[in-house]
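Residue-level structure breakdown
Listed below are the residues making up each chain.
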Amino acid sequence: RGSSSDTNLLRLTNSVWNAGYGPLELWGRVVGDGSTHAVVQRIFQSDGSYQERTMGEFVFHPGHNHWHLESFSLYELWSLSESGTLDQVAATSDKVSYCLRDIHRNPHPRQAARMGYGTCTYGRQGLSVGWVDVYDHYLPGQSIDISGLPDGVYALISTADPDNLIQESDETNNSKEATLSSPR
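Residues numbered from 1 in each chain as written. Predicted model: local features only at pLDDT ≥ 70, side-chain atom pairs only at ≥ 80, totals over all residues. Heavy atoms only, no water.

**Notes on the pattern of salt bridges**
Under the defined criterion, the tally for this structure stands at five salt bridges. Two residues, Arg124 and Glu25, come together in a salt bridge whose shortest N-O distance is 3.6 Å. You can see Arg124 sitting in strand 11 (residues 124-127) and its partner Glu25 sitting in strand 4 (residues 24-31), a full 99 residues away along the chain. Look at Arg124 and you get partly exposed, because its relative accessible area is 30%. Under the relative-accessibility criterion, Glu25 is labelled buried at 5%. Here the residues in one salt-bridge network are Glu25, Arg29, Arg42, Glu52 and Arg124, joined through shared partners. (Salt bridge = Lys/Arg side-chain N within 4 Å of Asp/Glu carboxyl O. Helix = DSSP H or I, 4+ residues; strand = E, 2+ residues; numbered from the N terminus. Buried < 20%, exposed > 50% of the residue type's maximum accessible area, 1.4 Å probe, protein only.)

Here's what the structure looks like:
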């Protein structure tokens, strides 16, 4: 828990990784006055060719000083029923934007040998197979306002691509749940 005046924030570090068969590669295309960029996902085929599909937008994030894919992640804090199952959403983040880039390796059978995406430009971002992107707890957007919530046990659910904008080989592995308890 971190606090600022009368606001209590649950700060969290979050990571996403590419467990798929090919890279997640995103390209920005200038729209209008250039304040946003339409995002095209490049989907690679086994023969080396690719298809492109429009799927979202990049926006400049002044708190991070680089470009982000809009609405990439969602954090929800759920109350639990007496039996320990999810009851209702007690607090949530706005949909958090992300700059997608390779930060750490994660063991994976088809892991890319080296980093393929390392910058947060509006031109090209992505995640190589077997690579992880990490957003640390101290960064803007990595918190949920829990002001006024009673102490207790909650479930924190982090969901990547909550609007299913990205075409993936497996759409079922985008959420992770952790149980948290506040001090009494």
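Here the narrative resumes, following the displayed structure.
**Describing unusual backbone geometry**
Positive phi, normally seen in glycine, also occurs at Asn65, with a value near 65 degrees. Relative to the helices and strands, Asn65 is located in the loop between strand 6 (50-61) and strand 7 (66-80). Judged by its relative accessible area of 60%, Asn65 is exposed. Of note in this structure, Asp161 is not a glycine but carries a positive phi near 50 degrees.

**A look at the packing of aromatic side chains**
All told, the structure shown has five aromatic pairs when counted by the stated rule. Taking the centre distance of 5.2 Å and the plane angle of 70 degrees together, the rings of Trp67 and Tyr122 count as edge-to-face. Within this pair, whereas Trp67 is found in strand 7, its partner Tyr122 is found in the loop between strand 10 (104-105) and strand 11, the two being separated by 55 residues in sequence. Judged by centre distance (4.1 Å) and plane angle (35 degrees), the rings of Tyr98 and Tyr135 are tilted. With Tyr98 in strand 9 (residues 96-98) and Tyr135 in strand 12 (residues 131-135), this pair connects stretches of sequence that are 37 residues apart. You can call Tyr98 buried: its relative accessible area is 0%. Grouping aromatic residues by their ring pairs yields a cluster made of Phe60, Trp67 and Tyr122. Lying over the aromatic face of Tyr50, Arg42 brings its terminal NZ or CZ to 4.0 Å of the ring centre. (Phe/Tyr/Trp six-rings, centres within 6.5 Å; stacked < 30°, edge-to-face > 60°. Lys NZ or Arg CZ within 6 Å of the ring centre and 35° of its normal.)

**Quick word on the side chain of Ser97**
Examined against the element boundaries, Ser97 turns out to sit in strand 9. With relative accessibility at 8%, the residue Ser97 sits in the buried group. Engagement of the side chain of Ser97 in a polar contact is seen with the side chain of His68, the distance being 2.7 Å. Beyond its immediate stretch of four places on either side in the chain, Ser97 contacts His61, His68, Leu69, Glu70, Ser71 and Phe72. (Polar contact = N/O pair within 3.5 Å; in protein donor to acceptor, adjacent residues only side chain to side chain. Contact = heavy atoms within 4.5 Å.)

**What about the sheet that holds strand 10?**
Across the sheet, three strands lie side by side as 3-12-10; this open sheet has antiparallel pairing. Looking at strand neighbours, the two that pair on one side only are strand 3 (14-17) and strand 10, the edges of this open sheet. Taken together, the two bridges between strand 10 and strand 12 define a ladder with antiparallel strand orientation. Paired with His104 across the strands is Val132, a residue of strand 12. (Pairing = 2+ DSSP bridges.)

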